[in-house]
Every structure is written in structure tokens, then in C-alpha cells.
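The chain contents come next:
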Amino acid sequence: LRLVDRLSRSTAALAFGQPAEQVVASVSAAQGSAPSERGTNSECGAGALDYATWSDGLTLWFQNGTFAGWAVNEAGPTLMSGIGVGSSRADLEGAHVIQVEESTLGTEFASAGFYGILEAGRVSNLWAGVSCNFR
């Protein structure tokens, strides 16, 4: 996950494996608010995952106290390419090489370390790392 300073446009990387509380503090500072929800989902395929969610649709996933994945399900945070929820498939394919397949989630795509779902030709979800998708 890469945080972008809105004023200077400088970036800071948050690598998977960093301590959960450190990542939550960094993202909260960048977002200007604490998570709107925190909890544990014990029904994920990867096992129980702790999470922190912000009002713009960003969810961070934590496993064994460390940052393990992220997901976005609303227009808000984007990839460094500007692709986010609501982007067209054409824009996605113009910015990234993707592989597309039909799955129980719908039209799923994968590209260089991130994944997502297309609905009606638009990105509806993005994620990377450990996720909690129910297939």
C-alpha cells in the first residue's frame, strides 16, 4: 500500500508484514481520521483476520498482528495509476496488463500483485495481499 501526500505528492510505502498498529496510525494520519470500524472476521478463507475500515471504502486486513492485505469497495482510494472503483475496463486495460476470468465472484481480474472485480464494464472492487472474499 502506498500513501500519497495530497500537498507534496510524496509517497510512503506500507509493506505487508508491518505491525498492525503502526499501519493503522499511518493510514489514519493520511486519511485525517481514525477507522470508522475495527473488528475481526473469523470466517475468512485465510483464517481469522482483523480489519480496520475507513469511510471511503478502504479496508486493511491484518493477520497475527501484522499488515496482510487491503481492499477498496467504494470510489475513493486508487492505484498509483489512478485506477479505482468506478474506473472503466478500458481505462484499466490501458493502464495495466490484466488477466480476466469468470469466477463465483463474477468477472474477476488479476494484474501484477492486485486483483479486482468488474461489474457492467467497471471496476467494483480492488484488493491485494490476504483478502476475505467468499468464493
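Residue indices follow the written sequence of each chain, beginning from 1 at its first position. Local features are withheld for residues below a pLDDT of 70 in this predicted model, meaning they are given only at 70 or higher, and side-chain atom pairs are given and counted only at 80 or more; totals for whole chains, interfaces and linings count all residues. Hydrogens and water molecules were not included; the side-chain quantities draw on all heavy atoms of the structure.

A. Region of interest: the environment of Gly 65. Here Gly 65 shows up in the loop between β5 (58–63) and β6 (66–72). Separated by 26 residues in sequence, Gly 65 and Asp 91 place their C-alpha atoms 36 Å apart. Sequence-distant contacts of Gly 65, defined by excluding residues within four places in its chain, comprise Gln 18, Pro 19 and Ala 20. For the purposes of this entry, the term helix denotes a DSSP run of H or I that reaches at least four residues, the term strand denotes a run of E that reaches at least two, and both are numbered from the N terminus. The criterion used for residue contact is that any of the two residues' heavy atoms lie within 4.5 Å.

B. Seen up close, the sheet that holds strand β9 (residues 114–119). We treat two strands as partners when DSSP finds at least two bridges between them. Pairing is antiparallel in the open sheet, where eight strands are placed in the order β3-β4-β5-β6-β10-β9-β8-β7. This sheet does not close on itself; its edge strands, each paired only once, are β3 (37–41) and β7 (99–103). The sheet shows a mean angle of 25° between the axes of neighbouring strands, taken without regard to direction. Across five bridges, the pairing between strand β8 (residues 106–111) and β9 is antiparallel. Bridge pairing links Ser 111 to Phe 114 in β9. Simply put, an axis is a line fit to the C-alpha atoms, just over the touching stretch for a helix, and the angle between two N-to-C directions goes from 0 to 180 degrees.

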